Amino acid sequence: MEALDSSQVIAVVGAGTMGSGIAQVAAKAGHPVLLYDAGAGAARKGRDKIAGGLAILVERGSMDEAERSEMLERISIVDGLAGLASAALVIEAIVEKLEIKQQVFAELEELCGDDVVLATNTSSLSISAIGADLSRPERLVGMHFFNPAPIMKLVEIVGGLATDRGIADSIFATAENWGKLAVHARSSPGFIVNRVARPFYAEGLRLLQEGAADVATIDAIMRDCGGFRMGPFELMDLIGLDVNYAVTESVHASYYGDQRFTPSLLQKELVDGGFLGRKSGRGFYDYADGADKPAPADCAVKPAPDAVTMHGESPFKQALVNLCSAAGIGIEQQPGDDFAIVCGDATLCLTDGRMATVRALEDDIENLVLFDLALDYESTPRIAICKADNASAAVLDAATGFWQKLGKQVSLLDDVAGLCVMRSVCMLANEAADAINQQVCGMAAVDTAMQGGLNYPRGPLAWADAVGLDHVLEVLDNLGQNYGEDRYRASPLLIRRVAGGKNFHE
Ligand SMILES: NC(=O)c1ccc[n+]([C@@H]2O[C@H](COP(=O)([O-])OP(=O)(O)OC[C@H]3O[C@@H](n4cnc5c(N)ncnc54)[C@H](O)[C@@H]3O)[C@@H](O)[C@H]2O)c1
């Protein structure tokens, strides 16, 4: 089925945060838009909010006044569901309550034409459940926008058990015509983004709970080394800890308590204590007037080595060779099974998911310092490291001086399994793989969704390919061993790809 034509009427039910944003998107694409909200004056307020937002765009010169007024003229307020009868597509963005959504759709089915498409912006409810009592459930589809809808690119097009694929394809094409990045998903808890993103927050929370580093340092590592726009704590503060916790709890409960989604006790304590983030003035950070934002803890400057020996091979070796050359550090290259950089008495290795102290013992390495994954070793301004308990302070100084000479700030973590970026990325990729394995979405959709929905610097599966899937699997297995928790169990799809010698994308 084809995309809706811009002359066709779009109705939006619910004019709150999401509904007003969605109405703006549809009006911008040229559709006549009908906006309805059950709250007294709420639809007008929603339209005023759109008008105010557009006025700012005109002030900034990114929209002209004529376009603004034409867009606003296309948005009409109606005072009852009956006023939406002419719509070709009704998008519902009301309160997140199953019975109320079911009721609204039942009424809409009666009021609108047989060929109307019904869409819900639900974040957490099953599309199949919302459509269970409809007489034409095949015409109901999830159209999951992200907040703020006019800005966030992604729309998840979610099919329930009864949804007609042709209808989903038509709404997919319509969303693309509206300038959005659309992905198909099967109705399942958290759909794609709210499911796959859980480890981004959870691994940060676990690192904090274990005292690996403070919030500012973990955030800086995820931003600088991971390339994420925000670290997990500043992002949770922005989203609201209560909202973020509720999503995790809902996904966890929906998957019948799967340990992969276990909520954080630390986050619960903060929520219970009213530390909700920016909106309550404090969360992981303090937002009181005059409060300083804490800086990450950076290691003091240490002397750098003149030369290092690189053993073995790694997908990241060339980047490190380039950095050493640029910094004037001599390199002797040696064969070897595991990639390691020997620098003075220190042996530097990429984390494989074991604690440094355990790996030093198991692999009989005397002075082991581990380093974390970076999105791009050449451009990262920071690197995270940790040392084995039996490695001396002098060894740590040699490792620190090495990275500093390569132009990096050095963040020292306590000896924690999988460090920070590596364990987060492996867990994101594992969850992405499992979503595919469980037929929630296709291989390309998950990377598109995480980049378009949350501005991730790289899709988790493409990132796992770059790390090497055997290494990702090893990290997960070692994390599982380290914690003795089912949380880190590898997705069958990852295991299969490694066994077959294949990447995710090929
Ligand atoms: N806020 C987000 O970040 C976000 C993101 C994606 C999806 N969603 C989903 O979008 C939906 C709306 O969320 P929101 O944040 O915009 O909520 P909101 O509280 O800002 O707005 C909801 C609006 O719906 C109206 N409403 C409630 N019951 C109604 C009814 N029976 N008929 C007509 N109007 C009714 C309310 O008066 C209110 O104006 C929810 O399903 C939510 O899960 C929210």
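Each remark here, short or long, concerns the structure printed above.
Just so it is clear, the structure is predicted and the values come from calculations on it, not from any experiment. (Residues numbered from 1 in each chain as written. Predicted model: local features only at pLDDT ≥ 70, side-chain atom pairs only at ≥ 80, totals over all residues.)

Another point: the site of the ligand. Inspection of the region around the ligand gives 23 residues, with Gly14, Gly16, Met18, Gly39 and Asn147 positioned closest. The dominant element in the shell around the ligand, judged by the number of residues it contributes, is helix 1 (residues 17-28), at three residues. When the residues that make up the shell around the ligand are grouped by side-chain class, the tally is 12 nonpolar, nine polar and two charged. (Near = placed C-beta within 6 Å. Helix = DSSP H or I, 4+ residues; strand = E, 2+ residues; numbered from the N terminus. Nonpolar A, V, L, I, M, F, W, Y, C, P; charged D, E, K, R; others polar.)

Our next topic: the sheet that holds strand 3 (residues 75-77). In space, the eight strands of this open sheet follow the order 3-2-1-4-5-6-7-8, with mixed pairing throughout. Edge positions in the sheet fall to strand 3 and strand 8 (181-186), since each of these pairs with one other strand and no more. Recorded for the sheet is a direction-independent mean angle of 25° between the axes of neighbouring strands. Helix 17 (residues 443-454) contacts strand 7 (154-159) and strand 8 of the sheet and is inclined by roughly 125° relative to strand 8. (Pairing = 2+ DSSP bridges. Axes fitted to C-alpha atoms, helices over the stretch in contact; angles between N-to-C directions. Contact = placed C-beta atoms within 7 Å.)

With that settled, the discussion passes to the sheet that holds strand 13 (residues 368-371). If you trace the seven strands from one edge of the open sheet to the other, you get 10-9-11-12-13-14-15, paired in mixed fashion. Single-partner strands in this sheet number two, and they are strand 10 (330-334) and strand 15 (409-412). Averaged over neighbouring strand pairs, the angle between their axes works out to 30° when direction is ignored. Two elements, strand 14 (residues 382-387) and strand 15, share four bridges in a ladder whose sense is parallel. When the sheet's bridge partners are listed, isoleucine 383 is paired in strand 15 with valine 410.

Take unusual backbone geometry next. Trans peptide bonds make up most of the peptide bonds, and negative phi angles are found at most residues other than glycine. Residue asparagine 147 is joined to proline 148 through a cis peptide bond whose omega torsion reads -5°. By secondary structure assignment, the location of proline 148 is in the loop between strand 6 (140-145) and strand 7. With phi around 65°, glutamine 439 is a residue other than glycine that occupies positive phi space.

To continue, consider helix 16 (residues 421-437). Helix length check: helix 16, at 17 residues, gives a terminal C-alpha distance of 24 Å against a target of 24 Å (1.5 Å per residue), a fit within 8%. For helix 16, the tally of buried residues reaches 16 of 17 residues, placing the bulk of the element in the interior. Downstream of helix 16 by a residue or two, glutamine 439 has a phi angle that is positive, lying close to 65°. (Expected span 1.5 Å × (residues − 1). Buried ≥ 20, exposed ≤ 12 C-beta atoms within 10 Å, placed from the backbone.)

With that out of the way, let us pick up the packing of helix 18 (residues 460-467) against helix 19 (residues 469-483). Where helix 18 meets helix 19, the axes come as close as 6 Å, and the angle between the chain directions of the two elements is 100°. One element, helix 18, and the other, helix 19, form an angle in the roughly perpendicular class. Contact residues: helix 18 offers Ala464, Asp465 and Val467, while helix 19 offers Leu469, His471 and Val472. Here the contact of helix 18 with helix 19 is composed, by residue class, of four nonpolar, one polar and one charged. (Parallel < 35°, antiparallel > 145°, perpendicular 65-115°, else oblique.)

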